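# Commentary on secondary and tertiary structure
As a plain string of letters, each chain reads:
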Amino acid sequence: MNIGTFDSGLGGLVITRALIEAMPEYNFCYLGDTARVPYGNRSKETVYNYTKNCIDYLFKKKNCKLIIIACNTATFAALRRLQQEYLPQNFPDRRILGVIVPTIEEIINKNYSSVGLLATQGTVSSDVYGIELRKRKDDIKLYSYPAPLLVPLIENNADEFAELIIESYVKKFVGSDIQAIILGCTHYPHYKTQIGQIAMKVLGRKVDIISQDEFVPQSLKNYLSRHPEIERDLSKDSSYSFEITDINDSYIAQAKSMFKDESITVEKVDI
Ligand code: DGL
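Scope of this entry: the structure provided in the associated data block. Since the model is a prediction, treat every value here as computed from it, not as a measurement.

## Focus on helix H12 (residues 249-259)
- Regarding H12, the residues found buried are Tyr 251, Gln 254, Ala 255, Lys 256, Met 258 and Phe 259.
- Those residues of H12 that are buried are in contact with helix H1 (12-22), helix H7 (150-155), strand S9 (240-244) and strand S10 (266-268).
- At the N-terminal boundary of H12, the capping side chain belongs to Asn 248, with an oxygen 3.1 Å from the backbone nitrogen of Ser 250.

As structure tokens, then:
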């Protein structure tokens, strides 16, 4: 059986690449919902329904044992409900994991007292990061701002416009004492280096960049070592598939850029 990775669009290819690098022996099936991206400005109910639809496809058609919801918006809007309602009714022996809890653990481990968050409008409005952080450290300061324009830049292969937009978002942290910026959207790690450089310029000091592709693979490895009953059902043929729900030349070019591999083959599927 396979490991599924799911994102609202192409952003999740960065984290999927990191997972494949860390655990190349496993089989990975990527699904990006390019037909319906962005999720970040939609209602929780809509994001839940889209996510359920994609998860259903990965379980039924791609024989996934375990799915990582790489999308932060889908994690906050759908993960708990899928775990509590959908899985017990449909696939009680399979699992769905998200990216928010590993991120919270990373921040707590680093012992920050003040952090910034860039994420979608939905994720920021939900305050999921604030709620989860304060459960573990009640005096932590969190400064959250939506950075929605980075998503269409990535989905439209328009990196040349990124600098101006990143700068306008990072400027929101001027005057704060943040020690790190959380990239709370699967798409943003694509601009990780630029965000770090621009933050240095705008804030006049170095801040850490918390990028999910750097720690989610270790978190998945830890999970599998704690759950041998899941791990033993995972095939190890190093087979990888990359599917999206809508395709055009720009998506194909951007998938190659996100995955940093010109030879990647992306296919359109109907879900
Ligand atoms: N992938 C989504 C996330 O991580 C953001 C992109 C979107 O708005 O669909 O939140």
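Additional details are given in the paragraphs that follow.
## Here's the deal with the packing of aromatic side chains
- Following the criterion strictly, the structure yields eight aromatic pairs and no others.
- When the ring of Tyr 39 is compared with that of Tyr 50, the centres are 5.5 Å apart and the planes differ by 50°; the resulting orientation is tilted. Of this pair, Tyr 39 sits in the loop between strand S2 (28-32) and helix H2 (44-60) while Tyr 50 is found in helix H2, placing the two residues eleven residues apart along the sequence. The residues Tyr 39 and Tyr 50 share a single accessibility class, namely buried.
- A ring pair is formed by Tyr 86 and Phe 91, whose centres lie 6.2 Å apart and whose planes are at 50°; its orientation type is tilted. Note on accessibility: Tyr 86 and Phe 91 belong to one class, buried.
- Grouped by ring-pair contacts, the aromatic residues Phe 6, Tyr 39 and Tyr 50 constitute a single cluster.

## What about the sheet that holds strand S1 (residues 2-7)?
- Read across the open sheet, the six strands follow the order S4-S3-S1-S2-S9-S10; overall the sheet is parallel. Edge positions in the sheet fall to strand S4 (95-97) and S10, since each of these pairs with one other strand and no more. On average, each strand axis in the sheet is tilted by 25° relative to the strand beside it, whichever way the strands run.
- Pairing of S9 with S10 involves three bridges; the strand directions are parallel. Among the inter-strand pairings, Glu 243 is bridged to a residue of S10, identified as Glu 267.
- Packed onto the sheet, helix H3 (residues 72-90) meets S1, strand S3 (64-69) and S4 and runs at close to 160° relative to S4.

## Quick look at the site of the ligand
- Close to the ligand lie 14 residues, the nearest being Ser 8, Tyr 39, Gly 40, Thr 73 and Thr 186.
- Here a nitrogen atom of the ligand sits 2.8 Å away from a polar atom, N or O, in the side chain of Asp 7.
- In the model, an oxygen atom of the ligand is placed 2.8 Å from a nitrogen or oxygen of the Gly 40 main chain.
- Summarising the interface, the protein chains cover 99% of the accessible area of the ligand, which totals 300 Å² for the free molecule.
- Looking at the shell around the ligand, its residues break down into six nonpolar, seven polar and one charged.

## Points about the pairing of S1
- In terms of residue burial, S1 counts as a mostly covered element, since six of its six residues are buried.
- Burial along S1 is two-sided: Asn 2, Gly 4 and Phe 6 facing one way and Ile 3, Thr 5 and Asp 7 facing the other are all buried.
- One crossover worth recording links S1 to the parallel S2 by way of H1, and it is right-handed.

## Looking at unusual backbone geometry
- Each neighbour pair has its own omega, and for Val 37 with Pro 38 the value is 0°, a cis peptide bond.
- For Pro 38, the position within the fold is in the loop between S2 and H2.
- For Asp 127, which is not a glycine, the phi torsion comes out positive at approximately 55°.
- When you line up the elements, Asp 127 lands in the loop between helix H5 (121-126) and helix H6 (128-136).

Reading the values: the criteria
Residues numbered from 1 in each chain as written. Predicted model: local features only at pLDDT ≥ 70, side-chain atom pairs only at ≥ 80, totals over all residues. Heavy atoms only, no water. Buried < 20%, exposed > 50% of the residue type's maximum accessible area, 1.4 Å probe, protein only. Helix = DSSP H or I, 4+ residues; strand = E, 2+ residues; numbered from the N terminus. Contact = heavy atoms within 4.5 Å. Polar contact = N/O pair within 3.5 Å; in protein donor to acceptor, adjacent residues only side chain to side chain. Phe/Tyr/Trp six-rings, centres within 6.5 Å; stacked < 30°, edge-to-face > 60°. Pairing = 2+ DSSP bridges. Axes fitted to C-alpha atoms, helices over the stretch in contact; angles between N-to-C directions. Near = heavy atom within 4 Å. Areas by Shrake-Rupley, 256 points an atom, 1.4 Å probe, with all protein chains shown as cover. Nonpolar A, V, L, I, M, F, W, Y, C, P; charged D, E, K, R; others polar. Right-handed = clockwise from strand over helix to strand, strands pointing away.

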